[in-house]
Amino acid sequence: MPLLRRHAWLFIALAPIAALYFTWSWHGQIGSLLNDGITYLLMAQHYAHRGAADPGFAAAVLSQFPPLYPLLLAWLGAAADVHLAHALTTMFLLLGLACFYAWMQVERFSSAQAALLMMAFAALPGSWLTGLLIQSEYLYLLWSLLALALLSAYRNKQGDELLLAAGLAVAAAALTRTIGITLLLPLLLASLRAGRRAGVLALLSALLPLLLWHALHATQGNSYTESLRQHYGHQNLNLLPQQLGNMEQALDRGFAQNLLGDDRSSALADILGLLCLAASAWRAARRNPDGLYLAGYALVLLLWPFPGEAGRFLWVVMPVLLVQPILLIAELRRDPPHATLPQLATVGCAAVVMAMALPRISDAAERYRAAAYSVLPEAGGLQSWYTSVPAAATMRADAELSLIASLSRIPDAVPAGDCVISIRPDWINYYARRHSTYPPRDAVPDPYFGLQLRAARCHYLFASRFVDTDFTAPLYPLRRIPEQYQVLDYVELSGMPQSQQPICELDRLR
């Protein structure tokens, strides 16, 4: 009971967050066809079936994604139940929020302050839009904030068991998302200050699970290292200035996306972002664990060659970023964060965040209710349904649902022993339970394109208007093989311009 009374604000804040988030995320959709949710579910099914030779599980063998999130889905019985997968993922968020609260308590925030900032972070559009997805961000948030809380506690109390636990939390973070290796920087500094035995054990507890995973798991060239090599390898460092400029702009948009729900410019978001950035740099220079973590994380993001994912990557450090100005004020005044001025800064920060988030929350609530009474009730579980222009959102959600229905019909036309060429093999694996492989890249010359296409010995091809960074032409690769296929199934949407029809089609190669 004393513990309950001491942390009453935590439970008061978590109760409405839990009720809203479980209601919001309880649906049978993966949230978006363009994210990694399908691959995570395929990996979970692979682990749940102990590597059974189902073509739909091939992603688990080849994926570069770390295993902890899909392993937990498999172990907890959610591999084949999307509703349960969403519920477990939401539970990871709630545990992550509790770790956020715990870290702030270690940093000497009051219970009320910590609960207020926790609620402000949960209100961010970037937070609840992620709740529609089957993604590992919520689990990564849990491990990363737990690691920071343990490292801060170790700095204050110097208990070897805290340092060892921090090493295990760092390993769990990196086995959830590879970028968790940036937590090794504050862990290394803490280990150097510890006794030799404690420091070595902490580093080994963080590194050995990672080394073991990478030694046992082969991605067959589909790795993050390969992505970096392809981006930088032939150009040496000539692309670096352009890359840094592009990512700086992408991170600025990503910060606004998390606060506002879209990437429109906002003076308030820019000012808050600059304050967080300046305070983070100060904290890093003072070798605080959170500042060092943010510095390493920022360096990786600036070098990462896919700016389109900046908002998603930035979200997992948003709670740490938002606290930085308050910690800086307390440090400069040599006061604890629960002193009067830092408390006022806490209220101001939470008020600014809520002022930016509330209009988007209101819009989303209206769209959520509208889905139930529309001809697309399943659209309420898709991120695209909540984009800022309702007409465009409806069209995009209709296209996604129609594409899923088309994928589900593939087994009617494709024999179980055959395969389907697609720019998204994971779609075919998951919805059609057929083997799938990528088409040749568009850079392949015409004389060799057809030969490479047929080298896979697939007799079917699925093309759609959804594109990605590697295949940017709609309905790829149909324009490269005119009159070399027979259309078996296709989907058109009423209201869509004729130039954008069909949405997708299944073809048999001649």
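Residue numbering note: each chain is counted from 1, following its sequence as written. Under the rules for a predicted model, residues below a pLDDT of 70 receive no local features and side-chain atom pairs below 80 are neither given nor counted, while totals for whole chains, interfaces and linings still include all residues. Just so you know, side-chain values use all the structure's heavy atoms and leave hydrogens and water out.

Q: Tell me about helix H14 (residues 240-260), residues and numbers included.
A: The helix count covers DSSP runs of H or I at least four residues long, the strand count covers runs of E at least two residues long, and both are numbered beginning at the N terminus. In this scheme, a helix's expected span is set at 1.5 Å multiplied by one less than its residue total. Taking 1.5 Å of rise per residue, 21 residues should cover 30 Å, and H14 covers 30 Å from first to last C-alpha, within 8% of that figure. Looking at H14, one finds that the buried residues are Gln243, Met247, Ala250, Leu251, Gly254, Phe255, Ala256, Asn258, Leu259 and Leu260. Exposure categories follow from relative accessible area, calculated using a 1.4 Å probe and restricted to protein chains: below 20% of the type maximum is buried, above 50% is exposed, and the middle band is partly exposed.

Q: Lay out the state of the cysteines with the relevant residues and their values.
A: Cysteine sulfur atoms are paired as a disulfide whenever they come within 2.5 Å of each other. Considering all chains together, one arrives at one disulfide under this definition. Note that Cys419 is cross-linked by a disulfide to Cys458, the S-S spacing being 1.8 Å. In this structure, the disulfide formed by Cys419 and Cys458 twists by about -115° around the S-S bond and is classed as left-handed. Of the two residues, Cys419 is situated in strand E1 (residues 419-421) and Cys458 in the loop between helix H23 (446-455) and strand E3 (460-464); the sequence distance between them amounts to 39 residues. Accessibility classification places Cys419 together with Cys458 in one group, the buried group.

Q: I'd like a description of the environment of Arg253, backed by residues and values.
A: If you trace the backbone, Arg253 turns up in helix H14. Separated by 136 residues in the primary sequence, Arg253 and Val389 have C-alpha atoms spaced 18 Å apart.

Q: With reference to specific residues and values, describe the nonpolar core.
A: For the purposes of this section, nonpolar cores are sets of buried Ala, Val, Leu, Ile, Met, Phe, Trp, Tyr and Cys residues that join through side-chain atoms within 4.5 Å. In terms of nonpolar packing, the biggest core is built from 144 residues, with Leu259 and Phe462 touching the most fellow members. For this core, the element with the most residues is helix H9 (residues 137-157), which contributes 13 residues. The contacts of Phe462, once residues within four sequence positions are left out, are Leu403, Ser406, Leu407, Ile410, Val420, Ile421, Ser422, Trp427, Ile428, Cys504, Glu505 and Leu506. In this description, contact between two residues means that some pair of their heavy atoms is separated by no more than 4.5 Å.

Q: Lay out the packing of aromatic side chains in plain terms, naming residues and giving numbers.
A: Two aromatic rings are characterised by how far apart their centres lie and by the angle between their planes. Aromatic rings from Phe, Tyr and Trp, with only the six-membered ring used for Trp, were paired whenever their centres fell within 6.5 Å, and each pair was classed as stacked if the ring planes differed by under 30 degrees, edge-to-face if by over 60, and tilted otherwise. With the rule as written, the count across this model stands at 16 aromatic pairs. Ring centres of Tyr40 and Tyr69 lie 5.2 Å apart, and the angle between their planes is 85°; this geometry places the pair in the edge-to-face category. Taken together, the residues Tyr40 in helix H3 (residues 37-48) and Tyr69 in helix H5 (residues 68-75) connect sequence positions 29 residues apart. Ring centres of Tyr69 and Phe92 lie 6.4 Å apart, and the angle between their planes is 70°; on these two criteria the pair is classed as edge-to-face. Of this pair, Tyr69 sits in helix H5 while Phe92 sits in helix H6 (residues 82-106), placing them 23 residues apart in sequence. Owing to a relative accessible area of 7%, Phe92 belongs among the buried residues under this scheme. A connected cluster of aromatic rings, assembled from ring pairs, spans Phe100, Trp103, Phe121, Tyr138 and Trp315.

Q: So, unusual backbone geometry: which residues are in play, and what are the values?
A: The omega angle of the peptide bond from Tyr476 to Pro477 is 5°, so this bond is cis rather than trans. Here Pro477 shows up in the loop between E3 and strand E4 (485-491). The residue Glu483 is not glycine, and still its phi comes out positive at about 65°. In this structure, Glu483 sits in the loop between E3 and E4.

Q: How would you summarise helix H18 (residues 318-333) if you had to cite specific residues and measurements?
A: In a regular helix each residue adds 1.5 Å, so 16 residues correspond to 22 Å; H18 covers 24 Å between its end C-alpha atoms and thus fits that length. Two axes are fitted around each residue, one to the seven residues ending there and one to the seven starting there, and the angle between them is reported as the bend at that residue. The sharpest bend along H18 measures roughly 35° and falls at Gln324, with the proline Pro325 sitting one to four residues further on. Taken across its 16 residues, H18 has twelve buried, putting it largely inside the fold. Buried residues of H18: Met318, Pro319, Val320, Leu321, Leu322, Val323, Gln324, Pro325, Ile326, Leu327, Leu328 and Ala330, and no others. The first or second residue beyond H18 is Arg334, which carries a positive phi of 55°.

Q: Explain the side chain of Glu505 residue by residue, including any values.
A: Inspection of the secondary structure assignment puts Glu505 in strand E5 (residues 504-509). Under the counting rule used here, the positive set is Lys and Arg, the negative set is Asp and Glu, and His together with the chain ends is not counted. By salt bridge we mean one thing: a side-chain nitrogen of Lys or Arg within 4 Å of a carboxyl oxygen of Asp or Glu. One buried charged residue, Glu505, remains without a salt bridge, the closest side chain of opposite sign being Arg465 at 7.8 Å. Not counting residues within four places of it along the chain, the set of residues in contact with Glu505 comprises Leu461, Phe462, Ala463, Leu478, Tyr485, Val487, Asp489 and Tyr490.

Q: Tell me about the sheet that holds E4, residues and numbers included.
A: Here the rule is simple: two strands pair whenever DSSP picks up at least two bridges between them. Pairing in this open sheet of five strands is mixed, and the strands run E2-E1-E3-E5-E4 from one edge to the other. Each edge of the open sheet is held by one strand with a lone partner, namely strand E2 (435-437) and E4. Neighbouring strand axes in the sheet, compared pairwise and without regard to direction, differ in orientation by 25° on average. As paired elements, E1 and E3 share two bridges and run parallel to each other. The residue of E3 that forms the bridge with Ile421 is Leu461. Taken strand by strand, helix H22 (residues 425-432) contacts E1, E2 and E3, and its axis lies near 170° from that of E2. In this analysis an axis means a line fitted to C-alpha atoms, helices contributing only their contacting stretch, and an angle means the value between N-to-C directions, from 0 to 180 degrees.

Q: Summarise a nonpolar patch on the surface; cite the residues concerned and give the values.
A: Residues forming no salt bridge and having over 30% relative accessible area are the ones grouped into patches, like charges within 9 Å of each other and nonpolar side chains (Val, Leu, Ile, Met, Phe, Trp, Tyr) within 5 Å. Calculation of accessible area relied on Shrake-Rupley with a 1.4 Å probe; when residues are assessed, cover is drawn exclusively from the protein chains displayed. A cluster of nonpolar residues, Leu164, Leu168, Val200, Leu201, Leu204, Leu207, Leu208 and Leu211, forms a patch on the protein surface that exposes about 670 Å² of accessible area. Only helix H10 (160-174) and helix H12 (196-216) provide two or more residues apiece to the nonpolar patch. Tallying contributions element by element places H12 first for the nonpolar patch, with six residues. Here Leu204 is to be found in helix H12. For Leu204, a relative accessible area of 39% gives the class partly exposed.

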